[in-house]
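The lines below spell out each chain.
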Amino acid sequence: MQVKVIDHPLIQHKLSLLRDKNTGSKDFRELLEEIAMLMAYELTRNLPLEETEIETPVARTRCKVLTGKKLGVVPILRAGLGMVNGVLRLIPAAKVGHVGVYRDPETLKPVEYYCKLPTDVSERDFIVIDPMLATGGSSVATIDMLKRKGAKNIKLMCLVAAPEGVHLVNEQHPDVEIYTASVDERLNDHGYIVPGLGDAGDRIFGTK
Ligand SMILES: O=P(O)(O)OC[C@H]1O[C@H](OP(=O)(O)OP(=O)(O)O)[C@H](O)[C@@H]1O
Ligand SMILES: O=c1cc[nH]c(=O)[nH]1
Ligand SMILES: [Mg+2]
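Residues numbered from 1 in each chain as written. Chains lettered and ligands numbered in written order. Predicted model: local features only at pLDDT ≥ 70, side-chain atom pairs only at ≥ 80, totals over all residues. Heavy atoms only, no water.

K.L.:
What's the story with the site of ligand 1 in this structure? I'm lost.
P.N.:
If you check the shell around ligand 1, you find 15 residues, and the closest are Arg-103, Asp-130, Thr-135, Gly-136 and Ser-138. At 2.8 Å, a side-chain N or O of Arg-78 approaches an oxygen atom of ligand 1. Within the contact set of ligand 1, an oxygen atom lies 2.5 Å away from a side-chain nitrogen or oxygen of Thr-135. Considering ligand 1 on its own, with 500 Å² of exposed area, one finds that the protein chains cover 91% of that surface. Among the secondary structure elements, those contributing two or more residues to the shell around ligand 1 are β6 (98–103), β9 (132–133) and α4 (137–148). (Near = heavy atom within 4 Å. Polar contact = N/O pair within 3.5 Å; in protein donor to acceptor, adjacent residues only side chain to side chain. Areas by Shrake-Rupley, 256 points an atom, 1.4 Å probe, with all protein chains shown as cover. Helix = DSSP H or I, 4+ residues; strand = E, 2+ residues; numbered from the N terminus.)

K.L.:
Please clarify how a nonpolar patch on the surface should be interpreted in this entry.
P.N.:
On the surface, Tyr-102, Tyr-113 and Tyr-114 cluster together into a nonpolar patch covering about 340 Å² of accessible area. As for its placement among the helices and strands, Tyr-102 is situated in strand β6. Using a relative accessible area of 42% as the deciding quantity, one classes Tyr-102 as partly exposed. (Patch = residues over 30% accessible without salt bridge, like charges linked within 9 Å, V, L, I, M, F, W, Y side chains within 5 Å. Salt bridge = Lys/Arg side-chain N within 4 Å of Asp/Glu carboxyl O. Buried < 20%, exposed > 50% of the residue type's maximum accessible area, 1.4 Å probe, protein only.)

K.L.:
I keep staring at the nonpolar core and nothing clicks. Help me out?
P.N.:
Nonpolar side chains tend toward joint burial in soluble globular proteins. Leu-18, Met-39, Val-87, Ile-129, Met-157, Leu-159 and Leu-197 are the most contacted members of the largest nonpolar core, which has 35 residues in total. Looking at this core, the elements with two or more residues in it are α1 (9–19), α2 (25–43), β4 (71–77), α3 (81–90), β8 (125–129), β10 (153–161), β11 (177–183) and α6 (200–205). Tallying contributions element by element places α2 first for this core, with eight residues. Excluding residues that lie within four positions of it along the chain, Val-87 makes contacts with Ala-36, Met-37, Ala-40, Val-73, Ile-129 and Met-157. (Core = buried A, V, L, I, M, F, W, Y, C linked by side-chain atoms within 4.5 Å. Contact = heavy atoms within 4.5 Å.)

K.L.:
What's the story with the packing of α4 against helix α5 (residues 163–172) in this structure? I'm lost.
P.N.:
Geometry of a packed helix pair, given as the angle between the helix axes and the separation of the axes. Contact geometry for α4 and α5: axes closest at 9 Å, N-to-C directions at 25°. Here α4 lies roughly parallel to α5, going by the angle between them. Considering the relative orientation of α4 and α5, their crossing is right-handed. Taking contact as the criterion, the partners of Gly-137, Ser-139, Val-140 and Ile-143 in α4 are, on α5, Leu-168, Val-169 and Gln-172. Classifying every residue of the contact of α4 with α5 gives four nonpolar, three polar and no charged. (Axes fitted to C-alpha atoms, helices over the stretch in contact; angles between N-to-C directions. Parallel < 35°, antiparallel > 145°, perpendicular 65-115°, else oblique. Left-handed = near helix turned anticlockwise from the far one by under 90°. Nonpolar A, V, L, I, M, F, W, Y, C, P; charged D, E, K, R; others polar.)

K.L.:
What is the right way to look at the pattern of salt bridges in this model?
P.N.:
A side chain with one charge can pair with a side chain of the opposite charge if their charged atoms come near. With the rule as written, the count across this model stands at 19 salt bridges. With a shortest N-O distance of 2.7 Å, Glu-34 and Lys-14 are connected by a salt bridge. Taken together, the positions of Glu-34 in helix α2 and Lys-14 in helix α1 put the pair 20 residues apart, joining distant regions of the chain. With a relative accessible area of 31%, Glu-34 lands in the partly exposed category. Overall, the relative accessible area of 18% leaves Lys-14 in the buried class. Here the salt bridges share partners, and the residues they tie into one network are Glu-51, Glu-53, Glu-55, Arg-60 and Arg-62.

K.L.:
Please explain the UniProt feature "binding site: 5-phospho-alpha-D-ribose 1-diphosphate" (unreviewed entry) in the protein as it appears in this structure.
P.N.:
With numbering aligned to this structure, UniProt lists the feature "binding site: 5-phospho-alpha-D-ribose 1-diphosphate" (unreviewed entry) at Arg-78, Arg-103, Asp-130, Pro-131, Met-132, Leu-133, Ala-134, Thr-135, Gly-136, Gly-137, Ser-138 and Asp-199. The residue Pro-131 is located in the loop between β8 and β9 in this model. Once residues lying within four places of it in the same chain are set aside, the contact partners of Pro-131 are Leu-32, Ala-79, Gly-80, Met-83, Cys-158, Leu-159, Val-160 and Ala-200. Within the secondary structure layout, Asp-199 lies in the loop between β13 (193–194) and α6. In contact with Asp-199, not counting residues within four places along its chain, are Arg-78 and Tyr-192. (UniProt positions renumbered as here; feature names shortened; annotations may be inferred.)

Encoded structure:
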């Protein structure tokens, strides 16, 4: 199983608060955004730097700045929207694409309904974001879509993953690195992650 678990104490603490069924939508949204920002810090660890020369109030010096590599963030609607602002706080120059995929509650298969990406897809590195990686169907469908449009370098960032979803993404897209705050035990008979945190979209938007 190829997956990077980000086990920073701040992320783990906030994730535990998110899992609690008594956490309401307002706190859920705030915590999710904070965790997304902390996870983005880890995902961007290897961004390329270049040297430049600047003048401090004291002396001229050489120092490092980002090369300006083009990045794209792609939330999977709806629940992925809850992570966008956290990621953009660290990489504000990233363009945001949107992919609409929902999981049919009977078949658990992904249903695609929207796709709007930056025009220069093939020039960007992408981070696909969604709090939940359950069967993996929605993430695989989104990555398929991005690759069909020309994306070559994609990372997947989710909050909670099931082993089943990690295996499917590894199998279908072995080049895509998965980052998560937790690999949980399993899926239940309805395809929900156990222990998980319930339906992420409904908890963010208060729809249930
Ligand atoms: O790995 P999978 O088995 O595909 O399940 C995960 C997907 O399910 C949830 O979305 P949902 O279908 O509930 O849509 P929503 O975000 O609009 O609520 C979640 O946000 C993922 O996109
Ligand atoms: O546990 C799960 C599985 C799919 N989608 C969710 O929102 N939660
Ligand atoms: Mg949902």
